[in-house]
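Here is how the chains run, residue by residue.
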Amino acid sequence: MPAPTFRQAIPADTDRCFQIERTAYEGDEAATREKIAHRIAQYPQGFLVIDGEIIGFINSGCADEVVLADEAFKELVGHDPQAPHVVIMSVAIDPALQGCGYATPLMRGFVDRMRAMGKKSIHLMCRQRHVGLYERMGYRYLQPSASDHGGMAWHEMAMALC
């Protein structure tokens, strides 16, 4: 597998990103097409896709104070592109290609971009089965989340960038 390259998402990527989102996440856990389009339009610097035929992406917003259980933030309510803390909303790889080694380079590329932008930390929520993966990538476990997004149990994690 050649090393994947990444680029900032553009509006034309919306349908493919939504297709991946709805197949990679369970039920109500997936963002709607409208949310994906809004995230690309409002903060393309924080929406990174695997270039070429899009097989995966990561998207985020920024805040001065992070409250991971804040559902409104998933619609970028309170997002400030100049804020120092990044909140990841989705990391998705096409299910047909999961396990092929794309998630780690995608996350590393995202971390490198956020660090280059001068961000101080990255925060995320994940399912229990992904806690170890994110720990291996340098995130630290914070706590079980108060969020019940999609009717699921979530765990909060963070990575300091400076």
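This is a predicted model, so every value here is computed, not measured.

Quick notes on the rules
Throughout, residues of each chain are indexed from 1 in the direction in which the sequence is written. A pLDDT threshold of at least 70 governs which residues receive local features in this predicted model, and a stricter bar of 80 or more applies before side-chain atom pairs are shown or counted, although totals over entire chains, interfaces and linings include all residues. Side-chain measures here rest on the full set of heavy atoms in the structure, leaving out hydrogens and waters. We call a residue buried when its accessible area falls under 20% of the maximum for its residue type, exposed when it is over 50%, and partly exposed in between, using a 1.4 Å probe and counting protein chains only. Numbering of helices and strands runs from the N terminus, with a helix taken as a DSSP run of H or I at least four residues long and a strand as a DSSP run of E at least two residues long. What makes two strands pair is DSSP finding at least two bridges between them. Note that the arc is computed from the directions linking the helix axis to the C-beta atoms. By the convention used here, residues are in contact when the closest approach between their heavy atoms is within 4.5 Å. Cavities and pockets were defined on a 1 Å grid built from protein atoms only: a cavity is a group of points that admits a 1.4 Å probe but offers it no way out, a pocket is an open group of points flanked by protein on both sides within 12 Å along at least five of seven lines, and a lining residue is one with an atom within 4 Å of any such point. Grid points are joined across faces, edges and corners, and a volume is the space filled by probe spheres set on the points. Polarity classes work like this: nonpolar for Ala, Val, Leu, Ile, Met, Phe, Trp, Tyr, Cys and Pro, charged for Asp, Glu, Lys and Arg, and polar for all others, with Gly in that last group. To get an axis, a line is fitted to the C-alpha atoms, and for a helix only the part in contact is used. The angle between two axes follows their N-to-C directions and goes from 0 to 180 degrees. Paired rings are identified among Phe, Tyr and Trp, the last through its six-membered ring, by centres lying within 6.5 Å, and are further divided according to the angle between planes into stacked (under 30 degrees), edge-to-face (over 60) and tilted (the rest).

A. View of the pairing of strand 7 (residues 155-160). Within strand 7, five of the six residues are buried, which leaves it mostly tucked inside the rest of the structure. Here six bridges tie strand 5 (residues 121-126) to strand 7, and the two strands are oriented antiparallel to one another. Looking at strand 7, one finds that Ser121 is bridged to Ala160. Here strand 6 (residues 140-144) pairs with strand 7 via four bridges, running antiparallel. Directly across from Tyr141, in strand 7, lies its bridge partner Met157.

B. Here's a closer look at helix 1 (residues 14-24). Every buried residue belonging to helix 1 is among Thr14, Cys17, Ile20 and Glu21, and all of these are buried. Each buried residue of helix 1 sits inside an arc of 135 degrees when the element is viewed along its axis, so together they form one side. In this fold, the buried residues of helix 1 make contact with helix 2 (33-42), strand 2 (47-50), strand 3 (56-63) and strand 4 (85-93).

C. View of the layout of surface pockets. Size it by volume and the largest pocket reaches roughly 800 Å³. Residue lining of the largest pocket: 43 residues in total, with Tyr25, Val91, Ala92, His130 and Tyr134 positioned closest to the centre. Mapped onto the lining of the largest pocket, the elements with two or more residues apiece are helix 1, helix 2, strand 4, helix 3 (103-116), strand 5 and helix 4 (131-136). Ranked by residue count, the leading element in the lining of the largest pocket is strand 4, at seven residues. For the lining of the largest pocket, the per-class residue count stands at 26 nonpolar, seven polar and ten charged.

D. The sheet that holds strand 6, seen in detail. Taken together, seven strands build an open sheet; the order of strands is 1-2-3-4-5-7-6 and the sheet is mixed. At either end of the open sheet lies a strand with only one pairing partner, and these are strand 1 (6-8) and strand 6. The mean angle between the axes of side-by-side strands here comes to 25 degrees, regardless of whether they run parallel or antiparallel. Those strands touched by helix 1 are strand 2, strand 3 and strand 4, and its axis lies near 80 degrees from that of strand 4. Sitting on the sheet, helix 3 touches strand 1, strand 2, strand 3, strand 4, strand 5 and strand 7, and the angle it makes with strand 4 is about 155 degrees.

E. Representation of helix 2. When we look at burial in helix 2, the residues that qualify are Ile36, Arg39 and Ile40. In a view along the axis of helix 2, the buried residues occupy a sector of 95 degrees, so they form one face of it. Facing away from the buried surface of helix 2 by more than 90 degrees, the exposed residues are Glu34 and Ala41. Elements that come into contact with the buried residues of helix 2 comprise helix 1, strand 2, strand 3 and strand 4.

F. Structural detail: the packing of aromatic side chains. Under the definition given, this model contains two aromatic pairs. Geometrically, the ring pair formed by Phe47 and Phe57 is stacked, given 5.3 Å between the ring centres and 20 degrees between the ring planes. You can see Phe47 sitting in strand 2 and its partner Phe57 sitting in strand 3, a full ten residues away along the chain. For the pair Phe47 and Phe57, a shared accessibility class is recorded, and that class is buried. Ring geometry for Tyr134 and Tyr139: centres 5.7 Å apart, planes at 80 degrees, overall edge-to-face. The exposure class assigned to Tyr134 is buried, which follows from its relative accessible area of 9%.

G. Quick look at the environment of Tyr102. Here Tyr102 lies in the loop between strand 4 and helix 3. Taking C-alpha positions, Tyr102 is 22 Å from Pro11, a pair spaced 91 residues apart along the chain.

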